[in-house]
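Residues per chain are reported as follows:
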Amino acid sequence: MVRIILLGYMGAGKTTVGKALAASLGVPFYDLDWFITTRYRRSVPEIFAERGEAGFRELEKRMLHEAAEFEDIVLSCGGGTPCFFDNMEYMNSLADTIYLKATPEVLAMHLRMGKGKRPLLEGKSPEELEDYIREMLVTREPFYSKAKYTLDVSLLDTAVKIQESVKLIKEMLNL
Ligand code: S3P
């Protein structure tokens, strides 16, 4: 049975690497944000606007408990998931957890390349974005570091680099 959870800051490549990893292992891929937005029929920014961040974190925890029970999956969680409640301990109790670790520069670059809407990053200039990431990582890193494995990721701007990360994860997990 393969149950892998990818975690890390926004823009670390959790979804990109997760999809490629799942395809390579022949198991389904789930994204926790997708799970939440499908179940509640609202986008993440809408949930933040309607319920506040605290409300979002409650739904996120609830959906994590559903999604993480599946067998043979790769799941990518949201950037904040490991940092609330006992989510990190819960994930470690039933999955191989992998922290995709990247520098603030790489994270900011990925976020600029991507099209995803993140309410926590709304309206930030490129300089503000990197400073904000740096500050947030100080508080989040202790949670992320509890993952069973850590993979350092650099700029994931080609399919070859994404496949390299997949290969490294499979080696780490002996798959
Ligand atoms: C968040 C990350 C987002 C999403 C929400 C909050 C965070 O997920 O859950 O916008 O607190 O870091 P991604 O990491 O997939 O962007």
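Just so it is clear, the structure is predicted and the values come from calculations on it, not from any experiment.

Please explain the side chain of His-110 as it appears in this structure.
Tracing the sequence through the fold places His-110 in helix α5 (residues 104-113). Taking the relative accessible area as the measure of exposure, His-110 reaches 11% and is therefore buried. A distance of 2.6 Å separates the side chain of His-110 from the backbone oxygen of Gly-11, its partner in a polar contact. In this structure His-110 touches Gly-11, Ala-12, Gly-13, Ser-154, Leu-155 and Leu-156, once residues within four positions along its chain are discounted.

Explanation requested: the site of the ligand in the structure shown.
In the neighbourhood of the ligand, 13 residues make up the surrounding shell, with Lys-14, Asp-33, Arg-57, Arg-118 and Arg-140 lying closest. Burial of the ligand by the protein chains amounts to 96% of its free accessible area of 390 Å². Sort the elements by how many residues they give to the shell around the ligand and helix α3 (residues 44-67) lands first, with three residues. Among the residues making up the shell around the ligand, the classes are represented as five nonpolar, three polar and five charged.

Please explain the pattern of salt bridges as it appears in this structure.
A pair can form between side chains of opposite charge whenever their charged atoms are brought close. Summed over the entire model, instances satisfying the criterion amount to 11 salt bridges. Put simply, Glu-130 and Arg-134 hold a salt bridge, and the shortest N to O gap is 3.3 Å. One end of the pair is Glu-130 and the other is Arg-134, both in helix α6 (residues 126-144) and four residues apart, which spans about a single turn.

I would appreciate a short explanation of helix α1 (residues 14-25) in the present structure.
Think of an α-helix as 3.6 residues a turn; residues three or four steps apart then line up on the same face. Across its 12 residues, α1 extends 16 Å between first and last C-alpha, which sits within 8% of the 16 Å expected from 1.5 Å per residue. Within α1, burial applies to Lys-14, Val-17, Gly-18, Ala-20, Leu-21 and Ala-22. Those residues of α1 hidden inside the fold are in contact with β1 (3-7), β2 (29-31), β3 (73-76), β4 (96-101) and α7 (159-172). Two residues or fewer past α1, Gly-26 is found with a positive phi of approximately 70°.

Honestly, the nonpolar core in this entry has me stumped. Any pointers?
For soluble globular proteins, nonpolar side chains are generally found buried alongside one another. Ranked by internal contacts, the top residues of the largest apolar core, which has 59 residues, are Tyr-9, Leu-32, Leu-100 and Ile-169. Looking at this core, the element that brings in the most residues is α3, giving eight residues. If near-sequence neighbours (up to four positions away) are discounted, Ile-169 is found in contact with Leu-6, Val-17, Leu-21, Ile-98, Leu-100 and Leu-151.

Quick question: what am I supposed to make of α6 here?
When the local axis directions of α6 are compared, the greatest deviation, roughly 45°, occurs at Val-138, which is followed within four positions by the proline Pro-142. Taken residue by residue, α6 has Leu-129, Ile-133, Met-136, Leu-137, Arg-140 and Tyr-144 as its buried positions. Buried residues along α6 sit against β1, α3, β4 and α5.

Can you walk me through the sheet that holds β2 in this structure?
Pairing between the strands of a sheet comes from backbone hydrogen bonds, and it takes one of two forms, parallel or antiparallel. Strands sit in the order β2-β3-β1-β4-β5 across an open sheet of five strands; the sheet is parallel. Where the open sheet ends on each side, the last strands, each with one partner, are β2 and β5 (149-152). In this sheet, adjacent strand axes meet at a mean angle of 25° when their direction is disregarded. The pairing of β1 with β3 spans four bridges and is classified as parallel. Paired with Ile-5 across the strands is Leu-75, a residue of β3.

About the criteria used
- Residues numbered from 1 in each chain as written.
- Predicted model: local features only at pLDDT ≥ 70, side-chain atom pairs only at ≥ 80, totals over all residues.
- Heavy atoms only, no water.
- Helix = DSSP H or I, 4+ residues; strand = E, 2+ residues; numbered from the N terminus.
- Buried < 20%, exposed > 50% of the residue type's maximum accessible area, 1.4 Å probe, protein only.
- Polar contact = N/O pair within 3.5 Å; in protein donor to acceptor, adjacent residues only side chain to side chain.
- Contact = heavy atoms within 4.5 Å.
- Near = heavy atom within 4 Å.
- Areas by Shrake-Rupley, 256 points an atom, 1.4 Å probe, with all protein chains shown as cover.
- Nonpolar A, V, L, I, M, F, W, Y, C, P; charged D, E, K, R; others polar.
- Salt bridge = Lys/Arg side-chain N within 4 Å of Asp/Glu carboxyl O.
- Expected span 1.5 Å × (residues − 1).
- Core = buried A, V, L, I, M, F, W, Y, C linked by side-chain atoms within 4.5 Å.
- Bend = angle between axes of the 7 residues up to and from the residue.
- Pairing = 2+ DSSP bridges.
- Axes fitted to C-alpha atoms, helices over the stretch in contact; angles between N-to-C directions.

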